[in-house]
Amino acid sequence: MTDNADLAALIRTIPDYPKPGILFRDVSTLLLDGPGFRATIDRLAALVAPDTELIAGIEARGFVVAAGLSYALGLGKLMLRKPGKLPGEKIGADYALEYGTDRIEMHVGHVRPGQKVLLVDDLIATGGTASAGVELIRQGGGHVEQALFIVDLPDLGGAARLRDQGIEVKCLIDFEGD
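The rules behind these values
Residues numbered from 1 in each chain as written. Predicted model: local features only at pLDDT ≥ 70, side-chain atom pairs only at ≥ 80, totals over all residues. Heavy atoms only, no water. Salt bridge = Lys/Arg side-chain N within 4 Å of Asp/Glu carboxyl O. Buried < 20%, exposed > 50% of the residue type's maximum accessible area, 1.4 Å probe, protein only. 1 Å grid on protein atoms, 1.4 Å probe; cavity = no way out; pocket = protein on both sides within 12 Å on 5 of 7 lines; lining within 4 Å. Points joined across faces, edges and corners; volume = space filled by probe spheres on them. Helix = DSSP H or I, 4+ residues; strand = E, 2+ residues; numbered from the N terminus. Nonpolar A, V, L, I, M, F, W, Y, C, P; charged D, E, K, R; others polar. Expected span 1.5 Å × (residues − 1). Contact = heavy atoms within 4.5 Å. Polar contact = N/O pair within 3.5 Å; in protein donor to acceptor, adjacent residues only side chain to side chain. Phe/Tyr/Trp six-rings, centres within 6.5 Å; stacked < 30°, edge-to-face > 60°. Lys NZ or Arg CZ within 6 Å of the ring centre and 35° of its normal. Axes fitted to C-alpha atoms, helices over the stretch in contact; angles between N-to-C directions. Parallel < 35°, antiparallel > 145°, perpendicular 65-115°, else oblique. Left-handed = near helix turned anticlockwise from the far one by under 90°.

A.B. asks: Lay out the pattern of salt bridges with the relevant residues and their values.
C.D. replies: The full count for this structure, using the stated rule, is 10 salt bridges. Note that D94 is salt-bridged to R103, the shortest N-O span being 3.0 Å. A relative accessible area of 48% means that D94 is categorised as partly exposed. What you see here is one network of salt bridges that share partners, running through D51, K116 and E145.

Structure below.
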């Protein structure tokens, strides 16, 4: 991680959300700042492996990051969606939440066998959704070797969880102690 204090300063912290004791890192304030958002996409784009063929974004804020990177790099964008959002034949991957499970899905055939796919999202915390994204892309025949995030909450272990799956993880900003 390089020094991205200018971008970190654009991210609002909301205490006690969604529950007491949590510091919620709200990237929406970064997205509101045109030059800050442009710098974010430019800095993330500089980290993308040169042989990347497709960019996968996780619903919902991951779509914003993936769209910016797809445009900047001239690559296609794969949407990893919540259940019930895709009209065609789909495959899915379940993941654990604090209280229960959730699922993400993608259309069958949107990843070519052996295609190198970059996974992106705005933030990585515990890594449950990102790990499900990796599983889903691999299930569809793609190869995920790299994941990029604007923010990492390293104390929650999500980036380490992805690294344990053989994924190179890069983030622009770390917020310790969250």
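Back to the text.
A.B. asks: Outline the layout of surface pockets, listing residues and values.
C.D. replies: Approximately 1200 Å³ is the volume found for the largest pocket. Every residue lining the largest pocket is counted, 38 residues in all, and those nearest its centre are R61, L123, A125, T126 and T129. Mapped onto the lining of the largest pocket, the elements with two or more residues apiece are β2 (23–26), β5 (90–97), β6 (100–107), β7 (116–124) and α5 (128–139). Classifying every residue of the lining of the largest pocket by side-chain character gives 20 nonpolar, 6 polar and 12 charged.

A.B. asks: Tell me about helix α3 (residues 34–45), residues and numbers included.
C.D. replies: Helix length check: α3, at 12 residues, gives a terminal C-alpha distance of 16 Å against a target of 16 Å (1.5 Å per residue), a fit within 8%. For α3, the complete set of buried residues consists of G36, A39, T40, I41, L44 and A45. Looking at the packing, one finds that the buried side of α3 touches α1 (5–8), α2 (28–32), α4 (61–73), β8 (143–152) and β9 (168–174). Where α3 starts, the residue carrying a side-chain oxygen 2.6 Å from the main-chain nitrogen of G36 turns out to be D33.

A.B. asks: Give me the side chain of E59: which residues, what numbers.
C.D. replies: Position of E59 relative to the elements: it lies in the loop between β3 (54–58) and α4. A distance of 2.9 Å separates a polar atom in the side chain of E59 from a polar atom in the side chain of R81. Of note is the side chain of E59, whose polar atom sits 2.8 Å from the backbone nitrogen of K82. Apart from the residues within four sequence positions on either side, E59 is in contact with L80, R81, K82 and K85.

A.B. asks: Outline the packing of aromatic side chains, supporting the account with residue identities and numerical values.
C.D. replies: If you walk through the whole model with that rule in mind, you get 1 aromatic pair. Where Y17 meets F24, the ring centres are 5.2 Å apart and the plane angle is 85°; that geometry is what we call edge-to-face. For Y17, a relative accessible area of 46% corresponds to the partly exposed category. A residue is classified by how much of its surface remains accessible, and F24, at 25% relative accessible area, is partly exposed. For R25, the ring lying beneath its charged end belongs to F175, and the centroid distance is 3.9 Å. Its guanidinium or amino end placed over the ring of F63, K77 lies 4.2 Å from that ring's centre, counting from NZ or CZ.

A.B. asks: Please set out the packing of α3 against α4 residue by residue, giving values where relevant.
C.D. replies: Where α3 meets α4, the axes come as close as 9 Å, and the angle between the chain directions of the two elements is 65°. Between α3 and α4, the angle falls in the class roughly perpendicular. Along this stretch, α3 crosses α4, giving a crossing that reads as right-handed. On the side of α3, the interface is formed by F37, I41, L44 and A45, while α4 contributes V64, V65, G68, L69, A72 and L73. A breakdown of the residues in the contact of α3 with α4 according to their chemical character gives 9 nonpolar, 1 polar and no charged.

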